[in-house]
Each structure stands twice: as C-alpha cells, then as structure tokens.
Amino acid sequence: MKVPDHVPPELVRDFSYWSAPGMPPSRGGDPQGALASLHDGPPIFFAPENSYDGHGTWVIVRAADQRRVLQDATTFSSRRQLFEKALGEDLPTIPLEIDPPAHGAYRSLLNPLLSPKRVMAMEAANRERAVELIEGLKGKGRCEVMEDFAFPFAVGVFLQFLGLPQSRRQEFLGWADKQLHGTPEERGEAIRTVIAFMRELVELRRREPAEDFMTFVVQAEVDGRKLDDREAVGMGALLFIAGLDTVAAAIGFDLRHLAVHQEAQAQLRADPAGIPLAVEELLRAFSTVLVTRVAARDTELNGIFIKAGDRVSCPSMVANRDPDEFPDPNRIDLRREDNRHVAFAYGPHRCLGSHLARRELVIAIEEWLRRIPTFRISEGTAPLTHGGHVFGIQDLELAWN
Amino acid sequence: MRIKVLNEKCQGHARCAAQSPEIFRLDDDGFILPGDIAVPEGQERTAWRGAKSCPERALVIEDD
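For clarity, every value in this text was computed on a predicted model and none was experimentally measured.

**Quick word on the overall build of chain B**
Then step 1. The helix and strand tally for chain B stands at two helices and three strands.
Then step 2. The linear arrangement of helices and strands in chain B, starting from the amino end, is β-α-β-α-β.
Then step 3. Reported as C-alpha extents along the three principal axes, the dimensions of chain B are approximately 30 × 20 × 20 Å.
Then step 4. Counting the 64 residues in chain B, one finds 38% classified as buried.
Then step 5. Restricting the contact set of chain B to residue pairs at least 6 apart, pairs at least 24 apart contribute 72%.

Below you can see the structure in the form of structure tokens.
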C-alpha cells in the first residue's frame, strides 16, 4: 500500500469500493447499505488503493463535508483527465471536466436542453416507450427486469435524445460496460472506441444536420464563436458515459425494493400520487455514483491537510446515509419529506440530466405498478448487485401471477 | 415570512419549484429568479417545505 508522506497514518484505512465488505458482485447484496457503517468511523480517511487503477483517495463520509468539497469547484477540481491516458491526447469531457469560470459558458449552453420544461416536453414519448416495453412482457408472468425493461427503456430515452439509432443499443451498452467496469486495458479500448464514434458523429452532423443533440452542439456558439471538434466530441463523450446506465441501475434497485417490501409496493399502488416523493427516497437510499475531485492546490478540510493533486472521493450513497442529515438513515421511508439527498451531487457540476432522470424513474414506477400486478423476486433467484466505479444491479428476476 | 434567495448558490436542482411553482419561480433553464420572496399569507407551510428542499441551501427562511 502506497501512502503519501503527508497522510497521517491514523487516517489510513484499508478500504476500496471494489473490495470492502459488500462491494464485490454478490447475489442478494446491498452495496449502498454496506457502506452506511462508514459513519461509525472517521469522517474523512485515506484509502491507499481506492480506484480502478490503484490510486489512493481521500474518502469524504459526511454530507456537510461533501457539500464543502463539491460546492468549491475551484479548490476541488473535476479536471481528472479521464481520457487523457487512454488517448494520449488532452480531451476533456465537457462540461464535467472544465472548472469555473470556463465551465459556466458550456453549462449555460447545455442547461436548456435538459431543463425541467424541456424534460416535460419529452414526457409523452418517454412514457410511450415505457408502456410499450411493459405491455410486451406482462403476459409472460415473469421477466429479467434489467434486460427486458430497465436498459431498453433508459438507454432508449438516452439514444433518442442523442439522435443515435436504437438498433445500436447493445453495441453502445457493451462500450459503456467496459468503460465503467472493465480492466484498465478494456477501459482504454472502450474510451478510444467511443471517441472515434463521436468524431464520426460530429463530422456527420456538420455535413448532414438533423434534429438532435449533436447537430445542436456543432451549430452552437460559446463566447461568440462556434464550438470546435474537440469540444463537440468532449460533450458527446460525457453524455455517453453519464447517461447510459445510471438510470437503468436506479430502476433496478427501485423495483427490487418494491418486490422485497410488499407493504411499500401496496402503499404506492394505493397512492400513485406518492410516487414522485417515493422516487426521491429511493434515489437517496440507492445512489450509484461516486464523485471524485482532485485538489487544485494545497488545502485543508476539517483540520486535515489535503495536498495539491490528491484525489478526493465523495460517495453519494454514503452522504445519503448520514444520520446528521437524515434521521434513521437506513430506514427506507417512501413518505420521507425532508430529503435533501446528494444523488445528483452538489455544486456547479450538479447532474445535468437530473430532471430527465427523475421523470424517467417516476414514469417507470408509475407504468410498472399500473400494468404489472403484485410482483415479487422470482423463487430461487437473487439479484446480482455490485459496488465499484458505478454501483449497480446486473440482473433482477421478477414474477407475478 | 420572507425567503432570502442566494442566487450564487442555486445550481438548478429545481426542488423548490417541485414543491410550489407559484412561490418559487424559475428561469427557462430551471434556476431560481433573483430577488427575495415575500410569502403570501396562508402559504407559509408550502414555502417552508420548498425552502427546506434545496440541496445547496440557497433558500434561507427569515421569519418576520
């Protein structure tokens, strides 16, 4: 274990999102619940091998401290050069890997595309997509939710937004899977594939404009000039990694919760108007994203020295189980009202797709409950869950009569 | 009851407007419009819930 000299030994913990208890893939696992016990330990600690490539990170446990980190994007930079090593060239994902003040112009450009109003304009088409999928499987009396519903729905919405053909869904999912969960070699290869694809798409939309995201991007202006190819590719690449499997994972965790907790399922069936509030609680309880920053300068957090270049990890699912902000945090209460969870992060890099993601989850649960009778985990099965770079649920077998 | 709006802290989560679109008015991008909010009588409860829903703590409740 490599521990930098400036890290006090008493703050070092043997921990990683891949190997800690509850993190490796397991049947019937509860990766978010497994990390709740971090609140019994130090509020900030150093984990020497806590990234896919064996780097150490600080881990910020409490919600209030995560807010300090994420709201201060100048000190805690998101310029992580995710793609640089794989590509051998500087190509930031945009706007995530751009710090303020340059970040603002890119973000203002994209905000209207996924604003609450714009998302409501997509509502009917998104709902129709969910209804069609559910109607197609309900007669079977059982299904594997991820393959049969969650991925086709969430990825379908995403591909439509990006203007990419639905026929290539499996191919895109394969790239995303390798990029998020593959070996370092597989990650590199997947990143190069995605970037090459985005370069082609940029070229195509400059030549043949359409009614889609990439056409908007190649025609857009920032600070009075057109975006160049590098910027357009950086935006496409970010949406690809951010949007492809996060919503599907959330749908999986949510439906599993309702399958296991029959009283919660009955409660939402009796009161469908309570679904938006319930979705917030499920977002809190089953967050999947780790937010990582890099200290841009030497700084200090709660009396702990953090050196320029240190990686700082803000696990959303841990902040969301903070007893200081959520009374009885491990109790999942679908009527919980005071619920300022961090599923979509805090600060200027707040998830650009949060409004769309929220509506997708509400639509998915509404239409599922409306069309599928009382459902349960299929006898003899247990869903496969995992921690890691993005927490997830790989399969979920449900049955109904 | 008044609500002080700290626009520089708003990141467009739009949770306040989800509680009450009448009290918390957003721009087209989903960020709160500038200016403190004088809560109409009888709407204190909803306004309180909206202010308390902000993940960034951009809405500060000021009792008269």
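**Here we look at the environment of Ala-38 of chain B**
Then step 1. If you trace the backbone, Ala-38 of chain B turns up in strand E2 (residues 37-38).
Then step 2. C-alpha of Ala-38 of chain B to C-alpha of Gln-11 of chain B: the two residues are 27 residues apart in sequence and 22 Å apart in space.

**A closer look at helix H6 (residues 123-137) of chain A**
All names here are of chain A.
Then step 1. Relative to the 21 Å expected for 15 residues at 1.5 Å per residue, H6 spans 22 Å between its end C-alpha atoms, a close match to the ideal helical length.
Then step 2. Every buried residue of H6 is listed here: Asn-126, Arg-129, Ala-130 and Leu-133. Down the axis of H6, the buried set is contained in an arc of 90°. They therefore lie on one face. Across H6 from its buried face, at more than 90 degrees, point the exposed residues Ala-124, Ala-125, Glu-128 and Glu-135.
Then step 3. Contact partners of the buried residues in H6: helix H7 (145-162) and helix H16 (354-371).

**Details of helix H11 (residues 229-243) of chain A**
Residues and elements named next belong to chain A.
Then step 1. Under the 1.5 Å per step criterion, the end-to-end length of H11 is 21 Å for 15 residues, consistent within 8% with the ideal 21 Å.
Then step 2. With 12 of 15 residues buried, H11 is to be regarded as a mostly interior element.
Then step 3. Listing the buried residues of H11 in full gives Glu-231, Ala-232, Val-233, Gly-234, Met-235, Gly-236, Ala-237, Leu-238, Leu-239, Phe-240, Ile-241 and Gly-243.
Then step 4. Residues of H11 that are buried make contact with H7, helix H8 (169-181), helix H9 (184-207), helix H10 (213-219) and helix H12 (246-260).

**Quick notes on the pairing of strand E14 (residues 392-395) of chain A**
All names here are of chain A.
Then step 1. Examined bridge by bridge, strand E13 (residues 384-386) and E14 share three bridges and lie antiparallel to one another. The residue bridging Leu-384 from the neighbouring strand is Asp-395, located in E14.
Then step 2. In textbook terms, the turn of a hairpin is the stretch between consecutive antiparallel strands, and for E13 and E14 this stretch comprises five residues, one of which, Gly-388, has a positive phi near 100°.

**Examining the interface of chain A and chain B**
As a measure of interface size, the accessible area lost when the parts come together is often cited.
Then step 1. At the interface, 16 residues of chain A touch 14 residues of chain B.
Then step 2. Of all the secondary-structure elements, those providing two or more residues to the side of chain A that touches chain B are helix H5 (116-121) and H16 of chain A.
Then step 3. Here the side of chain A that touches chain B is built from residues that sort into five nonpolar, six polar and five charged.

**Considering the nonpolar core**
Then step 1. Counting residues in hydrophobic clusters, the biggest one holds 109 residues, and the most contacted among them are Ala-150, Ala-154, Ala-248 and Ile-251 of chain A.
Then step 2. For Ala-154 of chain A, the contacting residues outside a window of four places in its chain are Val-247, Ala-248, Ile-251 and Glu-360 of chain A.
Then step 3. Counting 14 residues, the second largest nonpolar core, distinct from the first, contains Ile-3, Val-5, Ile-23 and Cys-54 of chain B.

**Considering the packing of H6 of chain A against H7 of chain A**
Residue and element names in this part refer to chain A.
Then step 1. Packing of H6 against H7 leaves a shortest axis separation of 10 Å and a crossing angle of 160°. Judged by the angle between their axes, H6 and H7 are roughly antiparallel. Helix-helix and strand crossings are classified by hand; for H6 and H7 the assignment is right-handed. Every residue of H7 that contacts H6 at Asn-126, Arg-129, Ala-130, Leu-133, Ile-134 and Leu-137 is listed here: Asp-148, Phe-149, Pro-152, Phe-153, Gly-156 and Val-157.
Then step 2. Considered class by class, the residues forming the contact of H6 with H7 number eight nonpolar, two polar and two charged.

**Let's talk about the sheet that holds E2 of chain B**
Then step 1. Spatially, E2-E1-E3 (chain B) is the arrangement adopted by the three strands of the open sheet, whose pairing is antiparallel. The sheet is open, and its two edges are formed by E2 and strand E3 (59-62) of chain B, each paired on a single side.

**Describing unusual backbone geometry**
Then step 1. With an omega dihedral of 5°, the bond running from Ile-94 of chain A to Pro-95 of chain A counts as a cis peptide bond.
Then step 2. In this chain, Pro-100 of chain A is followed by Pro-101 of chain A through a cis amide linkage whose omega measures 5°.
Then step 3. Relative to the helices and strands, Pro-101 of chain A is located in the loop between helix H3 (84-87) and helix H4 (102-110).
Then step 4. Positioned with a positive phi, Asp-223 of chain A is a non-glycine residue whose angle comes to about 50°.
Then step 5. Following the sequence through the fold, Asp-223 of chain A ends up in the loop between strand E6 (221-222) and strand E7 (225-226).
Then step 6. Here Arg-57 of chain B, not a glycine, exhibits a phi torsion of approximately 65°, which is positive.
Then step 7. Structurally, Arg-57 of chain B can be placed in the loop between helix H2 (44-51) and E3.

Cut-offs used in this document
- Residues numbered from 1 in each chain as written.
- Chains lettered and ligands numbered in written order.
- Predicted model: local features only at pLDDT ≥ 70, side-chain atom pairs only at ≥ 80, totals over all residues.
- Helix = DSSP H or I, 4+ residues; strand = E, 2+ residues; numbered from the N terminus.
- Buried ≥ 20, exposed ≤ 12 C-beta atoms within 10 Å, placed from the backbone.
- Contact = placed C-beta atoms within 7 Å.
- Expected span 1.5 Å × (residues − 1).
- Arc of directions from axis to C-beta.
- Pairing = 2+ DSSP bridges.
- Nonpolar A, V, L, I, M, F, W, Y, C, P; charged D, E, K, R; others polar.
- Core = buried A, V, L, I, M, F, W, Y, C linked by C-beta atoms within 7 Å.
- Axes fitted to C-alpha atoms, helices over the stretch in contact; angles between N-to-C directions.
- Parallel < 35°, antiparallel > 145°, perpendicular 65-115°, else oblique.
- Left-handed = near helix turned anticlockwise from the far one by under 90°.

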